[in-house]
Amino acid sequence: MSQFLPLGKYSFGLGDRFGQQGKAQLRACALATGLGAHFVPVWNKSNREHSFIGSEPSSLRAEAEAAVKALGWKTPYHVDADHIRLETVDRFIAPSDFFTLDVADSIGKPASAADVKAFVDRHPELIGTVAIPHIAQPFAITRAEVERVANKFLLAVQDAGKIYQHIAKSKGVANFITEVSMDETDSPQTPPELLIILAAIADQKIPIQTIAPKFTGRFNKGVDYAGDVKQFEKEFNEDLAVIAFAIRKYGLPMSLKLSVHSGSDKFSIYEPMRRALKKFDAGVHVKTAGTTWLEELIGLAEAGGDGLEIAKEIYAYAIEHVDEFCAPYASVIDIDKSKLPSATTVNGWSSLQFVSALRHDQKNPGYNPSFRQLLHVSFKVAAKKGDRYLNALKKHEAVVARNVTENLFERHMKPLLPGK
Ligand SMILES: [Zn+2]
């Protein structure tokens, strides 16, 4: 495997739609370090987010550097070109040192018959009984099954190889981290499929350090995991076992680990994840983004006055455009429209009522996951307000920053702390 920029064992993806919370986010990493757990900060922003907000990838690098300087952060940090493809990667190459190659669109499209046959012939070890340490029941994989999986995923992996080579050519192999993401697709990848995918990635000589599969269950935006926690735990453990096995078998980077996308707010799976990571002595990358935008709104609402007013205006606009805003996110939100309060109701709310409905505190009887999810997908409303929104964030910086830091540290990093 060629050289690559190494990624630390625990890393945390910090998305920030409006680019104002870099310091508050980094402070959460500093607090975790204070507890003996080092989360490498990775600022991530996808091509899609940049186009919604109208920002350039270089602005994310500038934000990260400003935060690092302000806090005197001395250890590594990275800037992730999130969910890029061959057509969109170029403007990310200079400012990024972490690339999430999104090849989900090619899943299910078959590679050439000759390539599939060559892959299956090259990997007799995948056929038959495949015993993997820490997986009780060995995988029983037929040749037909390897062919099926290759037909489904080989083209996607070949695409990843092309994007990797393209970046490597202009950036140099030693200067970046590679993630491959397959989360934005219909069906989850099973642990045996993950093994076959990793064999194909090794064939492409991609020094992959994080892989984002689609896990079982729903990873809705900004709210808790919805699904069978026991089944998730079983598959998460098996995925870790498969990764440890594939590292040895195929010479993949020792630092290869899982990347959990839409990783924010999945409170009910953090403890199973923490247990599994401890058992395997494995690292993890947890990617978050929208949760920080919601903390901005919470901070504004908590500030009261013009802060609360702008938060209410954003909701009033969002509820009027509920179908339009929700449509693109249909597979990653679950909103009960009957639970959405009217704009008139919300306009009468106090700071406390607004904050209680929005903050992800499942013990608070005022917490309203439908309200929270609608606002999650409504950040374009704030983008349209332009300077008025940004000025409100600046004016109420202290209270917004406190919410951003506390959310990441208390509700996300602490439950995942490896040493517990
Ligand atoms: Zn993703």
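Everything quoted here is computed from the prediction, not taken from an experiment. (Residues numbered from 1 in each chain as written. Predicted model: local features only at pLDDT ≥ 70, side-chain atom pairs only at ≥ 80, totals over all residues. Heavy atoms only, no water.)

Visitor: Even after reading the chapter, I still don't get the overall build of the protein, so can you show me in this structure?
Guide: Scanning the protein from terminus to terminus reveals 18 helices and ten strands. A globule of 420 residues ought to have a C-alpha radius of gyration of about 22 Å, and the protein, at 22 Å, matches this closely. Overall, the C-alpha framework of the protein stretches about 65 × 45 × 40 Å when taken along its three principal axes. The buried share of the protein, taken over its 420 residues, is 57%. The contacts in the protein between residues at least 6 apart in sequence include a share of 80% that link residues at least 24 apart. When the accessible area of the protein is evaluated, it comes to approximately 16500 Å², of which 55% is carbon and sulfur surface. One way to put it: in the protein the 51 positive side-chain charges average out to a point 3 Å from where the 49 negative ones average out. (Helix = DSSP H or I, 4+ residues; strand = E, 2+ residues; numbered from the N terminus. Rg over C-alpha atoms; globule rule 2.2 N^0.38 Å. Buried < 20%, exposed > 50% of the residue type's maximum accessible area, 1.4 Å probe, protein only. Contact = heavy atoms within 4.5 Å. Areas by Shrake-Rupley, 256 points an atom, 1.4 Å probe, with all protein chains shown as cover. Lys, Arg positive; Asp, Glu negative; His and termini not counted. Charge placed at Lys NZ, Arg CZ, Asp CG, Glu CD.)

Visitor: Sorry if this is basic, but what is going on with the coordination of the zinc ion here?
Guide: Put simply, a metal with four donors set out as a tetrahedron has ideal angles of 109.5 degrees, and one with six donors set out as an octahedron has ideal angles of 90 or 180 degrees. Within the first shell, the zinc ion binds the protein through His83 (NE2), Asp183 (OD) and His261 (ND1), at distances of 2.0 to 2.2 Å. Sequence spacing of the donor residues for the zinc ion, all on one chain, is H-x99-D-x77-H. Here Asp183, found in the loop between strand E7 (177–181) and helix H7 (191–203), pairs with His261, found in the loop between strand E9 (257–260) and helix H9 (267–280); they are 78 residues apart in sequence, far enough to count as distant. You can call Asp183 buried: its relative accessible area is 14%. (Donors = N, O, S within 2.8 Å, 3.2 Å for Na, K, Ca; no water.)

Visitor: Teacher, can you tell me more about the pattern of salt bridges here?
Guide: Opposite charge on two side chains permits them to pair, given that their charged atoms come into close proximity. The final tally for this structure, using the stated rule, is 33 salt bridges. For Arg48, the salt bridge identified is with Glu184, shortest N-O distance 3.2 Å. In this pair, Arg48 is assigned in helix H2 (residues 47–53) and Glu184 in the loop between E7 and H7, connecting sequence segments 136 residues apart. Arg48 gets classed as partly exposed once you look at its relative accessible area, which sits at 41%. The residue Lys414 makes a salt bridge to Glu410 at a minimum N-O spacing of 3.1 Å. Placement of both Lys414 and Glu410 in helix H18 (residues 397–416) is noted, with a separation of four residues, approximately one turn of the helix. For Lys414, a relative accessible area of 31% gives the class partly exposed. (Salt bridge = Lys/Arg side-chain N within 4 Å of Asp/Glu carboxyl O.)

Visitor: How should I be thinking about the side chain of His412 in this particular structure?
Guide: Mapped onto the secondary structure, His412 falls in helix H18. Within polar-contact distance, the side chain of His412 engages the backbone oxygen of Asn407 at 2.8 Å. The contact partners of His412, leaving out residues within four places of it in the chain, are Phe12, Gly263, Ser264, Asp265, Phe267, Tyr270, Thr291 and Asn407. (Polar contact = N/O pair within 3.5 Å; in protein donor to acceptor, adjacent residues only side chain to side chain.)

Visitor: Quick question: what am I supposed to make of the pairing of E7 here?
Guide: When a strand is regular, its side chains alternate between the sheet's two faces. Judged by how many residues are buried, E7 sits mostly within the fold: five of five residues are covered. Burial of the side chains of E7 extends over both faces: Ile177, Glu179 and Ser181 are buried on one face and Thr178 and Val180 on the other. Pairing analysis gives five bridges linking strand E4 (residues 98–102) to E7, with the strands arranged parallel. Bridge pairing in E7 links Phe99 to Thr178. Sheet topology note: the E7/strand E8 (residues 208–212) ladder contains four bridges and is parallel. What sits directly across from Ser181, in E8, is Ala212. The parallel pair E7 and E8, bridged by H7, forms a crossover whose chirality is right-handed. (Pairing = 2+ DSSP bridges. Right-handed = clockwise from strand over helix to strand, strands pointing away.)

Visitor: Teacher, can you tell me more about unusual backbone geometry here?
Guide: Excluding glycine, residues mostly have negative phi values, and the peptide bonds linking residues are mostly trans. For Lys205, which is not a glycine, the phi torsion comes out positive at approximately 60°. Under the relative-accessibility criterion, Lys205 is labelled exposed at 57%. Even without a glycine there, the phi angle at Ser262 is positive, about 50°. Here Ser262 is to be found in the loop between E9 and H9. Overall, the relative accessible area of 25% leaves Ser262 in the partly exposed class.

Visitor: Explain the packing of helix H10 (residues 290–303) against helix H11 (residues 305–320) to me, please; I cannot follow it from the model alone.
Guide: When two helices pack together, their arrangement is given by the angle between the helix axes and by the axis-to-axis distance. Two elements in contact, H10 and H11, have axes whose closest approach is 5 Å; the angle formed by their N-to-C orientations is 130°. With respect to each other, H10 and H11 are oriented oblique. As H10 packs across H11, the resulting crossing turns out to be left-handed. Counting all contacts with H10, which are made through Trp293, Leu297, Leu300, Ala301 and Ala303, the residues of H11 involved are Gly305, Gly307, Leu308, Ile310, Ala311 and Ile314. (Axes fitted to C-alpha atoms, helices over the stretch in contact; angles between N-to-C directions. Parallel < 35°, antiparallel > 145°, perpendicular 65-115°, else oblique. Left-handed = near helix turned anticlockwise from the far one by under 90°.)

Visitor: What's the story with the side chain of Glu49 in this structure? I'm lost.
Guide: Along the chain, the position of Glu49 falls in helix H2. A polar atom in the side chain of Glu49 sits 2.6 Å from the side chain of Arg17. With residues near it in sequence (within four places) discarded, Glu49 still touches Arg17, Asn44 and Ala289.

Spatial relationships are all this shows, so hold off on functional conclusions.
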